[in-house]
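Working through the structure, step by step
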Amino acid sequence: MPKKKKNTKEEEKRKEKPTVNKDLEGFNVEIDSFGELKTSYNIDKINEFLNKNVEDKKLVDREDYEELKSGKSDEEE
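What counts, and where the lines are drawn
Residues numbered from 1 in each chain as written. Predicted model: local features only at pLDDT ≥ 70, side-chain atom pairs only at ≥ 80, totals over all residues. Heavy atoms only, no water. Helix = DSSP H or I, 4+ residues; strand = E, 2+ residues; numbered from the N terminus. Buried < 20%, exposed > 50% of the residue type's maximum accessible area, 1.4 Å probe, protein only. Contact = heavy atoms within 4.5 Å. Areas by Shrake-Rupley, 256 points an atom, 1.4 Å probe, with all protein chains shown as cover. Salt bridge = Lys/Arg side-chain N within 4 Å of Asp/Glu carboxyl O. Polar contact = N/O pair within 3.5 Å; in protein donor to acceptor, adjacent residues only side chain to side chain. pLDDT = per-residue confidence, 0-100. Patch = residues over 30% accessible without salt bridge, like charges linked within 9 Å, V, L, I, M, F, W, Y side chains within 5 Å.

Another point: the overall build of the protein chain. Looking only at helices and strands, the protein chain features 3 helices and 2 strands. For the protein chain, the N- to C-terminal ordering of α and β elements is α-β-β-α-α. The 77 residues of the protein chain split such that 6% are buried. Restricting the contact set of the protein chain to residue pairs at least 6 apart, pairs at least 24 apart contribute 12%. In the structure as shown, the protein chain presents an accessible area of about 8100 Å², 49% of it carried by carbon and sulfur atoms.

See the structure below:
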């Protein structure tokens with residue numbers, strides 16, 4: 001009969017839930033057998049969070065960056 005492997009520190013870390021931003025509490029990502037990403041949040045909600053909290057390095061030098069960051073556009077005005 002084969003011996004059972006003892007839990008290593010790496011396996012224990014994988015079992016722990018990662019610390020996340022309070023706005024993303026309950027967010028979960030899984031990959032199904034077809035390689036598709038399955039998330040517990042709507043992609044629009046994820047994009048809204050990223051737009052609000054992550055600075056886009058490619059757009060920083062634009063004059064209208066603050067307007068883009070706040071979500072306003074020329075079409076809305």
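Resuming the write-up.
Right, let's get into the pattern of salt bridges. Throughout the structure, instances matching the rule amount to 4 salt bridges. In this structure, the salt-bridge partner of Lys38 is Glu36, at a minimum N-O distance of 3.6 Å. A relative accessible area of 42% places Glu36 in the partly exposed class. The partner of Asp64 in a salt bridge is Arg62, with the nearest N and O atoms 3.0 Å apart. Assessed through its relative accessible area of 27%, Asp64 is described here as partly exposed. For Arg62, a relative accessible area of 41% corresponds to the partly exposed category.

Mapped onto the secondary structure, Asn42 falls in the loop between β2 (37-39) and α2 (43-53). Among the polar contacts made by the side chain of Asn42, one reaches the main-chain amide nitrogen of Asp44 at a distance of 3.1 Å.

For the rest of this paragraph, the subject is the confidence of the model for the protein chain. A residue-level look at the protein chain finds 75% of positions with pLDDT of 70 or above and a mean pLDDT of 77. Counting interchain partners and residues more than four positions distant, the pLDDT-below-50 stretch residues 73-77 has 2 contacts.

Right, let's get into a nonpolar patch on the surface. Together, Phe27, Val29, Ile31 and Leu37 make up a nonpolar patch on the protein surface, roughly 390 Å² of accessible area in all. Residue placement: Leu37 occurs in strand β2. Relative accessible area serves as the criterion here: at 60%, Leu37 is assigned to the exposed category.

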